[in-house]
Each structure stands twice: as C-alpha cells, then as structure tokens.
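Each chain is listed here by its residues.
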Amino acid sequence: MTERAAILRAVDEPLRIEEITLAPLAPDQVRVRIAASGVCHSDLSQATGGLPVGTPCVLGHEGAGVIEAVGSEVHHVKPGDHVVIAWVAACGNCWFCRQGEVHLCRNAIRDVYTMPYATDSAGAALFTSMGVSSFATATNCLARAVVPIDPDIPLEIASLIGCGVSTGAGAALNTAPVEHGSSVAVIGLGGVGLAALMAAKVRGAAEIIAIDPVESRRAAAIDLGATHAVDPGDDDAIAAIRSATGSRGADFVFEAVGRPATIEFAVKATRRGGTTCIVGAAAPDAMVSLSAYDLYMHAKTLVGCQYGSIVPNRDFPMLLNLWRTGRLPLDKLISERIPLDDVNVAFDDLRSGSGIRSVIVNG
C-alpha cells in the first residue's frame, strides 16, 4: 500500500508531495498512521542545508499518530495505541543511556539510518529524517522511539511534544532548571522559545523577559506569561534586560535561535554567576566568539541543550499532564492547521517569522 509524503529531493528545493511505499516492518519496528506533525524550524534548516540531511528523504520529526502494526519483538505498544514519536530513539544500552542521558544516545543516529524505511514510486530508496519522517500519512520507525499516550489527548497537541515543546520546556526543566523567584530571558520566540518561557513560568520565575524582533511573537509571549518584552534590534536591548533585573542581567538566559550573534548576545544578557543555555540548533560550521575573561571573571556558566535533556517515557506524559491541567497552554502555540500539501507554505511562514507553529493535520 502506498502513502503520501513530502520528499526533499535536493537541498534548497521545495518539498514534493509524492507517493511512497513503506518497507516491510523489521522485528523492532512499528508502523504509525501519522495524525499530526508540527513544522519545526529544524526541518527548514535541513531543507536549506543549514543542518545535515541525506537526500532524497522524507522530512518531519515532530509527529504523533496511531499504531497500525508492530514487529514481532515489540510488546510495549499494540495496534490502536496513540503515540508520540521521539526523534532520539535511545538504545537503552550504551554508556550515555545507562547514565540516564538518553538524549545523547551514541547508537540512535546509526540505528535509525540503517533501519528499513521506504522507497519512492520509481523504487529508489528514501532516507528517513531523524527516524521519524512525519511529513507523511504513515511512517515506519523504531519501536523504542514511540511513547504511548492517553487516547483522549488531541494528537495535534501531542505532536508538539515530539520536538519543540520537549526541547524548549526541557531546557528550563531539565538542562538548566529555573529556580523559583529567579529572572529568565528567552531569546527567540518560536515554538521552542515559547515552550521554554512557559516552563520557566511553571518553575516559578519572577521575571520573564521575551526577546524577539517580531512584534507579534513578543505579544504572544506576554500572553503566555512574560513580564517584559524586548526587541533585540534596539540599541539599548541589553540595557533593557538589565533594567528589568536589578541592573544585573538575567539569572538564566535561554537562546532558542542557534546563531552566533544571538548566542553572543545571550552571554552578554546573563548576570555574573548566571547560566546561559544554548537551545537553538546551529549549523555545524557556525563559530562563536566569547570573552574568556568574561567567562572566568564573571563566573558565568555556558551549557548546551540537546533535546531538552528529556527522557521521553518520563517527560512526554509529564508535559502532556501540564497541558491537561492548564499550566502549559500548548494550544496557543498552534498558529495554523494545514494539509500536507501546504508544507512549503509553512516553510515560507518560518522564513518570514509569521505565526508560531504550523501543524500538518492528516484528515
């Protein structure tokens, strides 16, 4: 049986909606009927060559759906179960997994790119995108990547957990846990940055400073709990952050853009003794210039954040429970619900900074 999918044939070309044929399931795989997929900036970065990608491939790594079939070795899920797909399919056995750092699993990338996936209509092999490939009507993925969720949770909400919300909220909950009563600045107010902002509010931050050049995103941040909003293009942007934090700078600064200029800005916005957390996905060749004197003399901590340091089986249900109780209003992150055919329009919105998150919904 064929499926429809958005294929990246070559870097910097529009995605093409084509028919694909999924491979027969391996014993450790599951087939997921994709109900919803968030369109993440990392997808655009892969399409434009900012992040590594093999072509041709089916993009999409923020998906949720319903289990359709399972391999012979799969026992934790069954057909009919609702699931979110994690883009790090942690093996559970390597040194990092045994340390509880499953987001750093050394075998995840190798295993997802060697698993059976799909072919196009001409019979040519397709790469998977991060083992998920959710820009499609269905996908094959490693069973260890899927996390079952309660069936009453809307799958368009659940899809956001697969990447953006886990990465952003996880940064403030796990990687650099925000302290109660502290000051927080978030740079970049897309889905990831706003998730970090909401999680900082959950953690009890006193001041939350939202920083983005797009006025509508700053307004969205205020609606989600930010106490201040700053345009980074203003000449006095750093001074505005310090003014809101007792002339010190923020205790915690989360950079959710992934560009050298915003990373350097984030370090400047951090108080002496504070923590700068780099959440944005930068290109492999991007380099940052920092003052070594500033780091040691001002005792600042600089920490990288991979996938919000999450443990999917623990954190996906927790984040969805925070949504259920109204503490993470994830509904407000969804700007538009679109069909698969409009995925390139969603990429255009990302380029222009329009909206927050488009979600592909398969009818």
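As the structure is a prediction and not an experimental result, all values here were calculated from the model.

Asks: I'd like to hear about the nonpolar core, residue by residue, with values.
Replies: Counting residues in hydrophobic clusters, the biggest one holds 84 residues, and the most contacted among them are Leu-197, Phe-254 and Leu-330. Among the elements that line this core, the one with the most residues is helix α6 (residues 191-202), at eight residues. Each of domain 1 (2-162 + 329-361) and domain 2 (168-306) contributes no fewer than three residues to this core. For Leu-197, the contacting residues outside a window of four places in its chain are Val-186, Leu-189, Ile-208, Ala-210, Ala-221, Leu-224, Gly-225 and Ala-226. Core analysis: the next-biggest nonpolar cluster, separate from the first, contains 16 residues, Val-39, Ile-338, Leu-350 and Ile-360 among them.

Asks: How would you explain the pattern of salt bridges if you had to name every residue and give the values?
Replies: For the coordinates displayed, the defined rule picks out 19 salt bridges. Two residues, Glu-18 and Arg-9, come together in a salt bridge whose shortest N-O distance is 2.7 Å. Classification of Glu-18 as buried rests on a relative accessible area of 17%. Under the relative-accessibility criterion, Arg-9 is labelled partly exposed at 24%. When the shortest N-O distance is used, the salt bridge between Asp-348 and Arg-351 registers 3.0 Å. You can see Asp-348 and its partner Arg-351 sitting in helix α12 (residues 343-352), three residues apart, about one turn around the helix.

Asks: Please provide a residue-by-residue account of the state of the cysteines, values included.
Replies: Per the counting criterion, the structure on display carries zero disulfides. For Cys-97, which is in no disulfide, the shortest distance to another cysteine sulfur is to Cys-94 and amounts to 3.7 Å. Between Cys-141, a cysteine without a disulfide, and Cys-105, which holds the nearest cysteine sulfur, the sulfur-to-sulfur distance is 15 Å.

Asks: Would you mind going over the sheet that holds strand β12 (residues 207-211) in detail, with residue names and values included?
Replies: Pairing in this open sheet of six strands is parallel, and the strands run β13-β12-β11-β14-β15-β16 from one edge to the other. Of all strands in the sheet, those bounded by a partner on one side alone are β13 (228-230) and β16 (301-304). The sheet shows a mean angle of 20° between the axes of neighbouring strands, taken without regard to direction. Two strands pair when backbone bridges link them, and strand β11 (residues 183-187) and β12 are joined in this way by five bridges, in the parallel orientation. Following the sheet pairing, Val-184 is matched in β12 by Ile-208.

Asks: Quick one: what's the story with the packing of helix α1 (residues 41-48) against α12, residue by residue and with numbers?
Replies: What describes two packed helices is the angle between their axes and the distance between those same axes. Running from N to C, α1 and α12 point in directions that differ by 100°, and their axes come no closer than 10 Å. Comparing their axes, α12 and α1 come out roughly perpendicular. Residues His-41, Asp-43, Leu-44, Ala-47 and Thr-48 of α1 touch α12, and the partners they reach there are Phe-347, Leu-350 and Arg-351. For the contact of α1 with α12, a count of residues per class yields four nonpolar, two polar and two charged.

Asks: Any chance you could break down unusual backbone geometry for me, citing the residues and the numbers?
Replies: In this structure, Pro-56 follows Thr-55 across a cis peptide bond, with omega equal to 0°. Within the secondary structure, Pro-56 is located in the loop between α1 and β4 (57-58). The phi torsion at Ser-133 lies on the positive side, around 50°, for a residue other than glycine. Here Ser-133 lies in the loop between β8 (125-128) and β9 (138-142). If you check the backbone angles, Ala-299 has positive phi at about 55° while not being a glycine. Inspection of the secondary structure puts Ala-299 in the loop between α10 (292-297) and β16. With a relative accessible area of 48%, Ala-299 lands in the partly exposed category.

Here is what the cut-offs are and how they apply
- Residues numbered from 1 in each chain as written.
- Predicted model: local features only at pLDDT ≥ 70, side-chain atom pairs only at ≥ 80, totals over all residues.
- Heavy atoms only, no water.
- Core = buried A, V, L, I, M, F, W, Y, C linked by side-chain atoms within 4.5 Å.
- Buried < 20%, exposed > 50% of the residue type's maximum accessible area, 1.4 Å probe, protein only.
- Helix = DSSP H or I, 4+ residues; strand = E, 2+ residues; numbered from the N terminus.
- Domains from an automatic or database assignment.
- Contact = heavy atoms within 4.5 Å.
- Salt bridge = Lys/Arg side-chain N within 4 Å of Asp/Glu carboxyl O.
- Disulfide = S-S within 2.5 Å.
- Pairing = 2+ DSSP bridges.
- Axes fitted to C-alpha atoms, helices over the stretch in contact; angles between N-to-C directions.
- Parallel < 35°, antiparallel > 145°, perpendicular 65-115°, else oblique.
- Nonpolar A, V, L, I, M, F, W, Y, C, P; charged D, E, K, R; others polar.

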